[in-house]
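# Descriptive analysis of the structure
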Amino acid sequence: MKSLYSPYSALTSRDGWRRMTAMSIPFPPSGSMPGTNPSLSSPVKLHTPMTPTATEAPESNISLSFNVPFSSNLAGPDVEDILHASPGAVERWLHPEGTPDGTPTHKLPVHSGNVEALRKLCREITESNKERSLEATVTVSEPKQIATLRRPKGLVTNVCLSGRVDVVGQIRGRVLREMPVAMKCATVDIDCNLVIDAATDAVRANVLEHLDIVAKYTGTDIFLLAPRQADPQTANASFNGGPDAGLDQRLRVAIYGDMESSEHAKTRVLIMIDQILKRTVDAMKLELSMHTLICGRSRKNIKLIESATNTAIYFPPPFPQVYGYTPPGATRRSEDEVFITGENPENIVQAKQKLHELVMGTKCYVKDAVVSPNKIDSILLERLEKVKKIMEANGSYVQFPPLGSQRGVVRVQGTEVLHVERTVREIMALAGQFYSATWWILLPDPNASNSFRAPSPSDIRAMLSDVCMNSGADVNFDKLTFSINGSDDSVKTALFVIHQIPFVNKAQYQMRVKIELANEHKEFVSGKKNGKINKIMSQSNVQIIFDGFNEYNFYIDVCGSQYKATTVGLDLVEQEMPASISFHVPDQYHKRIIGIGGQHIQRIMKKYSVFVKFSNAMDRGGIGREDDDIKVDNVICRTPARNAASLDLVKQEIMDMVEQVDADHVQETVHINRLYHRELITRMNEVEELEKKWNCKIVFPSTEMASDSITIAGPEYQVPQAVDEFLGMVPESHEILLPSSTELKEYFQSQEFQSEVHEPLKARYEVDLHINKGDQVEPDSGVERLLLTYTRNNAGGLKDAIDFLISRLVAHGLDATTIKGAIPRPKSDSFEESLPFFDSKLLQHAPPPLVTDSPTKPSFGPEENSGASIFERLRKPGSMSSISSFLDRRKHHTSSPGSFFRNGSSNGSKASLVSIESQNSAYRNPWNDSGVNLAEDDQHSWPTKAEGGKFPFSSNGGDITPRHDLRTSVDSGTAVRPSTASSSTGYPAPIGPPR
């Protein structure tokens, strides 16, 4: 039997699928000219140029206003932290001497230079297109901030173009591609011992020279910065020398530039670090469109290759030449060049061979999707990071047309049909986050034009710039018609600003707002027999039209002749759009939660008016698929946005039926030096065993990110154990230098030292003690070197272990004030000062605390030396000092893995593991937070009119319009709708665990 998607299966053009081999995919070959994309002229017609509509004659003149997204809020480094800067970097990213304090960031020379370069470009465009009557003007201003409106913050740079419609579109694309939009600062941390010469205590000259060469080659500005200043609160929480302190002692390489240039320079700096580590560097050519495919979902395949060959593989950015800007004199990284570093050439050859095998064994499926050209530009400018996450999660590749090209087709490529389909639907969901609107100014009859005064061209430019700068939307004006494109908030703000224009407000007009939504939600929004839509139209005096768009989405047109009525109707439509929340419940609980005939889940759905859908492994593609599918969100709750507050209640009731060991998937982030990630990856077998043992997923960051963060996700009650065991794989050490003496040397060699110090340190604190290990200390130097080694999960007891060690050595002639490397005890707020005013005899009889700083021991045994003073007792392990530091760590909630509530040790509390659904997007819609922007009053109330003088839209931060969850369109599992039969609300008592 032939596979449905085999090369010989009968696939029609309606399906939109084409199966291709890796060598026959019409994607851009390496070495293509910058700014061009050969795939756009391939035999498969990928993009079609925008054709004029009936209202736009080819020779008609229009005015278009848009903002150039300069990162004018990007500040330079602190001058006190700069150890070295590439030539010209200080002059560009720091204010000149004598600049008053409080000068805004957008007045930095680099940002002022970008604006001047834009003005120069617009002057050249105007002068070279005089015969075509094209004019380009630049306006720079800060938008007026109004409490009821969400407006752009900081300096806004606007360009207004006037000319023929076809020329204006081309010039807009040229401006966006030739300006350094989306500038960023990339940071690489580097250990001091790698770049500092011990003899001179300064950064080696060859390192600084190499950084300057990288800056010139990539067209970026590079700063070498001093280590971060430790936060006093965090420092106290991590004992002023805990595991985080080691990470904070690293130098920082800050790279400033546009997105592609900064990523290129960042990779070059990472390769420099590998070269300092005596690793071999090589490169290979690999088709760009195959990079994410061979990496696999969540880069699983690449991590396996790096684990097997002990190499590091650096892939280029997935969207080269999308923006098109290249700094003057810079060299762009080849889009198909992959760098590989390894311990020796043999390892690199093995890695290349494995990559070649992956490429030859990869099956590719390609699908084209139609997206509005304006929305493609908005996604490239505002949602590109989200697209990268979608590609990485699905192991797929998305090809966009160049920015501003006015082409409306996106190509998606993947190794499986399911992954391609998921990617397309998620891209369509991103497109639905942007609105478009049209505002027609009507003339009642031909003679009325004599009394109607149309605005002059200069008035139009000023008007459009004001609307665009105060809303953030792109606005064009043609034949008394406004066309607005942008995010939902920006479009609604633009309509509000247009409504305030006198000549618009006095004339008759019609307006239309277009909302894009997934086809599967059409019935959800319209209701049975279009009941919801008919009710909205009758109450708000608007017309609502459902218009098909493509295979995945449709348009909802809200039309009206009055601004207030239209905005009320739009608000009511948004209230009926789906808000959703998704989460994971193990498949074995699904039947028990649903109940016989769906009785249990029916009661929950009717109680909260929420639709609940379950999907199992078969619905997600069959049993035996990748492990990544095991813990995907498989329960989806959906309700109209006006009832979004009930989503969390439904989730809570469902999770109450699941055993605690499987309930509430959360994720914890641990910070481990990125260079040690390679050692952990080589022990991938142990990591996989740990994942199976605790039912968790451990995700390493990509090599190009140079991040220290490792994410561990799983059930809430098992993540702490997984984190603790994982950190047990990470060794740490702490060095103490003591002044040598004859008594100390004899004590170190005695059996008493072994029994009183060495063995208790290991038994109580899980710390090994090494004396004068190695050749770093001369025999006659008068210094004793003590090295404490432990694993990261036991770092919380390091301070107590040092205190225990010093207390034993003081009795043998050690002066505690001469120790180098001791960790000072953090001073409590006012606890210590208040103790002298109490009778110590009462405090001495207090029961010993049961809690301990050791993550592996429940207690420290019987109290010794009970006659000691209260301050000595405070410094003893297991005493009130330990409680104070424990509570202090919890109060500050440090992100240090060494603290108990973050490293997930056995002392971890449930309170420290904040549920992910309230902070991250894994359980909610990633851009809307499930549409919880609802009014405080009755959720089912219907407003009848907008309040005069008020902006009728919500002023809350974030995207307002609710959206369906991205995975809901893929899963097609058991769907249970609320029952119409009368039944009591609520649900039975929690169901027991599955048998």
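Before any of the text, the structure's been laid out above.
One structure accompanies this document, and this report is about it. (Residues numbered from 1 in each chain as written. Predicted model: local features only at pLDDT ≥ 70, side-chain atom pairs only at ≥ 80, totals over all residues. Heavy atoms only, no water.)

## Quick notes on the overall build of the protein chain
Check the secondary structure of the protein chain and you find 34 helices and 32 strands. Sequence separation of 24 or more characterises 77% of the internal contacts of the protein chain that already satisfy a separation of 6 or more. Accessible surface, the protein chain: about 44300 Å² in total, of which carbon and sulfur atoms supply 51%. (Helix = DSSP H or I, 4+ residues; strand = E, 2+ residues; numbered from the N terminus. Contact = heavy atoms within 4.5 Å. Areas by Shrake-Rupley, 256 points an atom, 1.4 Å probe, with all protein chains shown as cover.)

## Some remarks on unusual backbone geometry
Its identity is not glycine, yet Gln406 carries a phi of approximately 60 degrees, on the positive side. Within the secondary structure, Gln406 sits in the loop between β15 (397-399) and β16 (409-414). Phi angles above zero are rare outside glycine, and Asn530 is one such case at about 55 degrees. With respect to the secondary-structure elements, Asn530 resides in the loop between α18 (522-526) and α19 (531-540).

## Examining the nonpolar core
Ranked by size, the top nonpolar core spans 69 residues in total, and within it Val68, Leu118, Val175 and Phe400 carry the most contacts. In terms of residues, this core owes the most to one element, helix α14 (residues 417-431), which gives 7 residues. Here Val68 is in contact with Leu118, Thr157, Val159, Val175, Met179 and Val181, once residues within four sequence places are set aside. Counting 43 residues, the second largest nonpolar core, distinct from the first, contains Ile498, Ile515, Val542 and Tyr563. (Core = buried A, V, L, I, M, F, W, Y, C linked by side-chain atoms within 4.5 Å. Buried < 20%, exposed > 50% of the residue type's maximum accessible area, 1.4 Å probe, protein only.)

## A look at the sheet that holds strand β26 (residues 665-671)
On the basis of which strands lie adjacent, the open sheet formed by 3 strands has the order β26-β28-β27 and antiparallel pairing. Either end of the sheet is taken by a strand with one partner, and the two such strands are β26 and β27 (697-699). Here the average twist between neighbouring strands, direction ignored, is 20 degrees. Of the pairings in the sheet, the one linking β27 to strand β28 (residues 709-715) comprises 3 bridges and is antiparallel in character. Within β28, the position partnered with Lys697 by the bridge is Ala713. Contacts between helix α26 (residues 719-727) and the sheet are confined to β26, β27 and β28, with β28 contributing the most and set at about 145 degrees to the helix. (Pairing = 2+ DSSP bridges. Axes fitted to C-alpha atoms, helices over the stretch in contact; angles between N-to-C directions.)

## Considerations on the side chain of His499
On the secondary structure map, His499 appears in helix α16 (residues 488-499). The exposure class assigned to His499 is buried, which follows from its relative accessible area of 13%. Those residues within four positions of His499 in sequence are excluded, and the remaining contacts are Trp439, Asn505, Tyr509 and Tyr563.

## Side note on empty space enclosed by the protein
To locate leftover empty space, one rolls a probe as large as a water molecule over the atoms. Under the definition given, this model contains 5 cavities of 30 Å³ or more. The calculated volume of the largest cavity comes to roughly 190 Å³. In terms of lining, the largest cavity is formed by 16 residues, of which the most central are Lys303, Arg674, His677, Arg678 and Thr703. The class makeup of the residues in the lining of the largest cavity is 6 nonpolar, 6 polar and 4 charged. For the second largest cavity, the calculated volume is near 80 Å³. Along the walls of the second largest cavity sit Glu260, Glu263, His264, Pro316, Pro317, Pro320, Arg332, Arg333, Ser334 and Glu335, which together make up its complete lining. Looking at the lining of the second largest cavity, its residues break down into 3 nonpolar, 2 polar and 5 charged. (1 Å grid on protein atoms, 1.4 Å probe; cavity = no way out; pocket = protein on both sides within 12 Å on 5 of 7 lines; lining within 4 Å. Points joined across faces, edges and corners; volume = space filled by probe spheres on them. Nonpolar A, V, L, I, M, F, W, Y, C, P; charged D, E, K, R; others polar.)

## Observations regarding the environment of Thr481
By the secondary structure assignment, Thr481 is in strand β19 (residues 481-487). In this structure Thr481 comes out as buried when scored by relative accessible area, which is 15%. C-alpha separation for the pair Thr481 and Leu442, spaced 39 residues apart in sequence, amounts to 9.0 Å. Apart from the residues lying within four places of it in its own chain, the contact partners of Thr481 are Thr438, Trp439, Trp440 and Asn476.

## Observations concerning the packing of helix α13 (residues 384-394) against α14
Direction vectors running N to C along α13 and α14 enclose 165 degrees, while the axes themselves pass 10 Å from each other. Between α13 and α14, the angle falls in the class roughly antiparallel. The chirality of how α13 crosses α14 is right-handed. Contacts from Lys386, Val387, Ile390 and Asn394 of α13 reach α14 at His419, Arg422, Thr423, Glu426, Ile427 and Leu430. (Parallel < 35°, antiparallel > 145°, perpendicular 65-115°, else oblique. Left-handed = near helix turned anticlockwise from the far one by under 90°.)

## Re the environment of Asn550
Along the chain, Asn550 falls in the loop between β21 (543-548) and β22 (553-560). Taking the C-alpha atoms as reference points, Asn550 and Val370, 180 residues apart in sequence, are found 6.7 Å from one another. Side-chain polar atoms of Asn550 contact the backbone nitrogen of Asn553, separated by 2.6 Å. (Polar contact = N/O pair within 3.5 Å; in protein donor to acceptor, adjacent residues only side chain to side chain.)

## Some remarks on the packing of aromatic side chains
Under the definition given, this model contains 12 aromatic pairs. Seen in terms of ring centroids, Phe319 and Phe400 are 5.9 Å apart; in terms of plane orientation they differ by 55 degrees. Their pairing is tilted. Here Phe319, found in the loop between β12 (311-314) and β13 (337-342), pairs with Phe400, found in the loop between β15 and β16; they are 81 residues apart in sequence, far enough to count as distant. With a relative accessible area of 3%, Phe319 lands in the buried category. Measuring from centroid to centroid gives 5.2 Å for Phe748 and Phe753, while their planes differ by 70 degrees, and the two rings are edge-to-face. Overall, Phe753 belongs to the buried group, its relative accessible area being 1%. Grouping aromatic residues by their ring pairs yields a cluster made of Trp93, Phe223 and Tyr256. One residue, Lys522, lies across the ring of Phe554, its end atom 5.0 Å from the ring centre. The ring of Phe524 has Lys532 sitting right over it, with the charged end atom 5.1 Å from the ring centre. (Phe/Tyr/Trp six-rings, centres within 6.5 Å; stacked < 30°, edge-to-face > 60°. Lys NZ or Arg CZ within 6 Å of the ring centre and 35° of its normal.)

## A short note on the sheet that holds strand β30 (residues 768-771)
One open sheet holds the 3 strands; their spatial order is β29-β31-β30, and the pairing between them is antiparallel. In this open sheet, the two strands that pair with only one neighbour each are β29 (731-739) and β30. Sheet twist, expressed as the average angle between the axes of neighbouring strands with direction ignored, equals 20 degrees. Where β30 and strand β31 (residues 783-791) come together, 4 bridges link them in antiparallel fashion. The partner of Leu769 across the bridge, within β31, is Leu788. Against the sheet, helix α29 (residues 798-810) engages β29, β30 and β31, with an angle of about 145 degrees to β31.

## Digging into the packing of helix α10 (residues 300-309) against helix α11 (residues 345-360)
Axis separation between α10 and α11 bottoms out at 9 Å; the angle between their running directions is 150 degrees. When the axis of α10 is compared with that of α11, the two are roughly antiparallel. As α10 runs across α11, the sense of the crossing is right-handed. Of the residues in α11, those in contact with Asn301, Ile302, Ile305, Ala308 and Thr309 of α10 are Asn347, Gln350, Ala351, Lys354, Leu355 and Leu358. Partitioning the contact of α10 with α11 into residue classes produces 6 nonpolar, 4 polar and 1 charged.

## Points about the pattern of salt bridges
For side chains of opposite charge, pairing can occur when their charged atoms come near one another. Considering all chains together, one arrives at 39 salt bridges under this definition. A salt bridge links Arg174 to Glu178; its shortest N-O distance comes to 3.2 Å. Of the two residues, Arg174 and Glu178 are both situated in helix α3 (residues 165-178); the distance of 4 residues between them amounts to about one turn of the helix. Accessibility expressed as a relative area gives 29% for Arg174, which makes it partly exposed. One salt bridge in this structure joins Lys388 and Glu385, with 3.4 Å as the shortest N-O distance. Of this pair, Lys388 and Glu385 both sit in helix α13, 3 residues apart, which is roughly one turn of that helix. Residues participating in the shared-partner salt-bridge network are Lys367, Glu421, Arg425, Glu520 and Glu551. (Salt bridge = Lys/Arg side-chain N within 4 Å of Asp/Glu carboxyl O.)

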